[in-house]
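# Results of the structural survey
One-letter residues, chain by chain:
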Amino acid sequence: MMKLNKSVFSKTLLHKILKPFYLLSAVILLCSHDLYIKMDSYFLKPHQEAIFSLYNGTFEESENTIARHRMEDASVVAHGNRTAINEGQWKDQDSTITQLPFKAGEAGTYVIGISTKVNSLKQTAEDFNGYLKHDGVLDMLKERTETNTLNEDVNESYEKHVKAIYQVGDKKTEDWKTVLGYPIEFVPVSNPYEKYSGQTLDVKLLLEGQPLANQLVYADFVKSAHGHSHNDHGHHHDHHGNHSHDHEHGTDHTHTNGEQLRTNAEGIVTVKLPEDGIYYLRTIHMAKVDKGDITHESKWSTLTFEVTHQHGSHTHTHDDHEHHHDDELPTWVFILGSIAIIGVLFMVFRTKE
Amino acid sequence: MKLDSKKAFTLLFLFLPILSFAHDVTSADQEILRNGGLFAYIHVGATHMLTGYDHLLFLAGVVFYLNGFKDIVKFITAFTIGHCVTLIGATYLGITANEHLVDAVIALSVLYKGFENLGGFEKLKVKSPNLLLMVLIFGLIHGFGLSTRLQSFENGTEDLLAKILCFNLGVEIGQIVALIPIVFVITFSRKKKQFPSFYKAVNWYLVLAGIGLFIMQMSGYFSGH
């Protein structure tokens, strides 16, 4: 009996010691597989050579390539035409990033979409709960809590449908509004390239072609590598709030940085575009299902685009105008200078009188 | 008007560099607007007016010409109505123009006021236009200048009218704050026996400042800066 108790005690102790490592493993394995279509810049010149990179992990770091047989659709929409991307065009840069070198076409607003086939994953209740928390699938976590099913293991089917919108040249075309027909997808309400930093962008979320209301969406951004921001000379460098850019996975790491939004009745979220940068939206729609041994079904979606500031006749430009403004002489110098001049004039007139 | 032209132009070129720095919006202002909401528009409107030398010089010219407090209120009200109309209307409708050209016209309004105060029209044996009407017209022009400036910010489309109204409110607050010392100094100086010299000095300064600002703005327009 004593021996049995000791054994149970040892197992409990061992479990307690190893629990953080289990959780850490779960986070690493399960929380880092958003799929994004990344480009160095989403502003291209006509016929410019560029690369699409599929980041399967976080927006900052990809952990896995995408197997070609997993791609249900990969296509580019431009000037009203949708062109499929040949499977053979994709290349794996290493074991983590799948890339597509390409040459931009004529000027216009382009859309690229990637849709993956359904896959499934069995998870323990503990792993699943951890993943829900760290990936921000809070509605499902709440449902499990409320239905007292937190201890149930799951077999989840998942699929990912991602898009990026990029601008070639200056000419804006209407392709940004193209619905690719994916099971879940973001569709902007207006052209992101007719929006500028300081403004907002409405984006509609469609599930099976219908607006998806009351769905959690996370929006975040990184500063453009090539761009510059009005904030470069300001004191507003904490634009990400608590968003850490280090890639260490730990108990504090979540995929829920940035702005947490919820779609309205029309399935629309309003995304703030506070400064120049590459913006990315992500959502995971999850539902409980009873399809054979599948217990849960999740549909993942991301949308990526870039925002810059407005340049035009109505606005200031950086190289000329804005710097001119910043060279402004302090008011007190102007006042003192004016007083001095008036003083000199006063002396002149008084002498004459 | 007995300052000889040689001395006048010497003074003009002496303080041209100072005028070249007359008010502008800064990227710091843009940051305030970007992060501060509607209150930021009040703040930027007020600071813009307080550092808007051309607006203040014109106001000083108007006040200098007037004797009674009632007149001051009447003319300042006309100026305020004028600039509110174009500031709100032009900004809301997105009507804008090259800011150097608008500021050049505003500079001419400063020159005009100094010239009129010095009895320029009488010297030319020309009847001076109705002052109240001119102040209203110049108010409209100054308002358009303020509008052009406001539109040079990235204001977004949300709550645009509220932002314009808040900026306008800030302008009025700035105007009142600026007018207090101006009225005080002018009223105080009237009691002094050297007032005629002071009057001439200030109004000649307005003439020179108007010319200087005009040159700077036209120079900016032609050089593209």
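None of these values were measured; they are calculated from a predicted model. (Residues numbered from 1 in each chain as written. Chains lettered and ligands numbered in written order. Predicted model: local features only at pLDDT ≥ 70, side-chain atom pairs only at ≥ 80, totals over all residues. Heavy atoms only, no water.)

## Brief notes about the overall build of chain A
Along chain A, the regular secondary structure elements total 5 helices and 18 strands. Within chain A, buried positions represent 50% of all 353 residues. Long-range pairs, those at least 24 residues apart, make up 73% of the contacts in chain A between residues at least 6 apart in sequence. (Helix = DSSP H or I, 4+ residues; strand = E, 2+ residues; numbered from the N terminus. Buried < 20%, exposed > 50% of the residue type's maximum accessible area, 1.4 Å probe, protein only. Contact = heavy atoms within 4.5 Å.)

## Some words on the packing of aromatic side chains
Overall, the coordinates contain 24 aromatic pairs over all chains when judged by the stated rule. An angle of 35° between the planes, with centres 5.4 Å apart, marks the rings of F58 of chain B and F79 of chain B as tilted. Taken together, the residues F58 of chain B in helix α3 (residues 53–65) and F79 of chain B in helix α4 (residues 69–93) connect sequence positions 21 residues apart. When its relative accessible area of 1% is taken as the criterion, F79 of chain B is described as buried. Ring geometry for Y221 of chain B against F222 of chain B: centres 5.2 Å apart, planes inclined by 70°, an arrangement best described as edge-to-face. Among the aromatic residues, ring-to-ring pairing joins F58, F79, Y112, F115, F121 and F138 of chain B into one connected group. A cation over a ring is seen here: K160 of chain A above W300 of chain A, with NZ or CZ 5.2 Å from the ring centre. (Phe/Tyr/Trp six-rings, centres within 6.5 Å; stacked < 30°, edge-to-face > 60°. Lys NZ or Arg CZ within 6 Å of the ring centre and 35° of its normal.)

## Some remarks on the pattern of salt bridges
Residues and elements named next belong to chain A. As enumerated under the stated definition, the model contains 14 salt bridges over all chains in all. A salt bridge links K163 to E185, with the nearest nitrogen and oxygen atoms 2.8 Å apart. Placement of the pair is K163 in strand β10 (residues 154–168) and E185 in strand β11 (residues 184–188), with a sequence separation of 22 residues. Using a relative accessible area of 0% as the deciding quantity, one classes K163 as buried. Overall, the relative accessible area of 1% leaves E185 in the buried class. (Salt bridge = Lys/Arg side-chain N within 4 Å of Asp/Glu carboxyl O.)

## Focus on the confidence of the model for chain A
Residue and element names in this part refer to chain A. Here chain A shows a mean pLDDT of 79. Residues at 70 or above account for 75%. Taken as a whole, residues 1–11 scores under 50 in pLDDT and shows 0 contacts with residues more than four places along the chain or in a different chain. Note that residues 312–327 has pLDDT below 50 and, in this model, 36 contacts with residues that lie over four places away or in other chains. (pLDDT = per-residue confidence, 0-100.)

## Some words on the packing of α3 of chain B against helix α8 (residues 160–190) of chain B
Residue and element names in this part refer to chain B. The geometry of α3 relative to α8 is characterised by a closest axis approach of 10 Å and an angle of 40° between their N-to-C directions. The angle between α3 and α8 falls in the class oblique. Crossing of α3 against α8: the hand is right-handed. Each of L56, L59, A60, V63 and F64 in α3 lies in contact with α8, whose residues at this interface are Q175, A178, L179, I182, V183, I186 and R190. Residue classes in the contact of α3 with α8 are distributed as 10 nonpolar, 1 polar and 1 charged. (Axes fitted to C-alpha atoms, helices over the stretch in contact; angles between N-to-C directions. Parallel < 35°, antiparallel > 145°, perpendicular 65-115°, else oblique. Left-handed = near helix turned anticlockwise from the far one by under 90°. Nonpolar A, V, L, I, M, F, W, Y, C, P; charged D, E, K, R; others polar.)

## Examining the environment of Y182 of chain A
As for its position among the elements, Y182 of chain A is in the loop between β10 and β11. When the C-alpha positions of Y182 of chain A and V162 of chain A are compared, they lie 8.8 Å apart, and in sequence the two are 20 residues distant.

## Here we look at helix α5 (residues 99–117) of chain B
Residues and elements named next belong to chain B. When the terminal C-alpha atoms of α5 are compared, their 27 Å separation across 19 residues agrees well with the 27 Å that a helix rising 1.5 Å per residue should span. Here α5 lies mainly inside the structure; 14 of its 19 residues are buried. With a side-chain oxygen lying 2.8 Å from the backbone nitrogen of H100, the N-terminal cap of α5 falls on N98. In the segment just after α5, G119 is the residue with positive phi, at about 75°. (Expected span 1.5 Å × (residues − 1). Polar contact = N/O pair within 3.5 Å; in protein donor to acceptor, adjacent residues only side chain to side chain.)

## Some remarks on the side chain of K160 of chain A
Residue and element names in this part refer to chain A. Position of K160 among the secondary structure elements: in strand β10. No salt bridge is formed by the buried K160; its nearest oppositely charged neighbour, D34, is found at 6.9 Å. A distance of 3.3 Å separates the side chain of K160 from the side chain of N56, its partner in a polar contact. (Lys, Arg positive; Asp, Glu negative; His and termini not counted.)

## Here we look at a nonpolar patch on the surface
Residues and elements named next belong to chain B. On the surface, a nonpolar cluster with roughly 470 Å² of combined accessible area is contributed by I81, V85, L133, L136, I137 and L140. Of all the secondary structure elements, the ones that give two or more residues to the nonpolar patch are α4 and α7 (131–151). Residue contributions to the nonpolar patch peak at 4 residues, all from α7. Mapped onto the secondary structure, L133 falls in helix α7. Using a relative accessible area of 46% as the deciding quantity, one classes L133 as partly exposed. (Patch = residues over 30% accessible without salt bridge, like charges linked within 9 Å, V, L, I, M, F, W, Y side chains within 5 Å. Areas by Shrake-Rupley, 256 points an atom, 1.4 Å probe, with all protein chains shown as cover.)

## Focus: the sheet that holds strand β1 (residues 34–38) of chain A
Residue and element names in this part refer to chain A. The 4 strands lie next to each other as β1-β3-β7-β6, forming an open sheet whose pairing is antiparallel. Edge strands, defined here as strands with exactly one partner in the open sheet, are β1 and β6 (91–92). Looking at chain direction, β1 and strand β3 (residues 49–57) are connected through 5 bridges and run antiparallel. Each residue of the ladder has a partner; that of D34, found in β3, is G57. (Pairing = 2+ DSSP bridges.)

## As for the pairing of β10 of chain A
Residue and element names in this part refer to chain A. Of all 15 residues that make up β10, 15 are buried, and the element is covered over most of its length. When strand β2 (residues 43–44) meets β10, the two strands line up parallel, connected through 2 bridges. Along β10, the bridge assignment pairs F43 with Q167. Direction of pairing for strand β8 (residues 108–116) relative to β10: antiparallel, over a ladder of 8 bridges. In the strand pairing of β10, G113 is matched with K163. Summarising the sheet, strand β9 (residues 119–123) and β10 pair through 5 bridges and their orientation is antiparallel. Along β10, the bridge assignment pairs S120 with S157. Note: β10 against strand β18 (residues 294–307), 9 bridges, orientation parallel. The residue of β18 that forms the bridge with E159 is K299.

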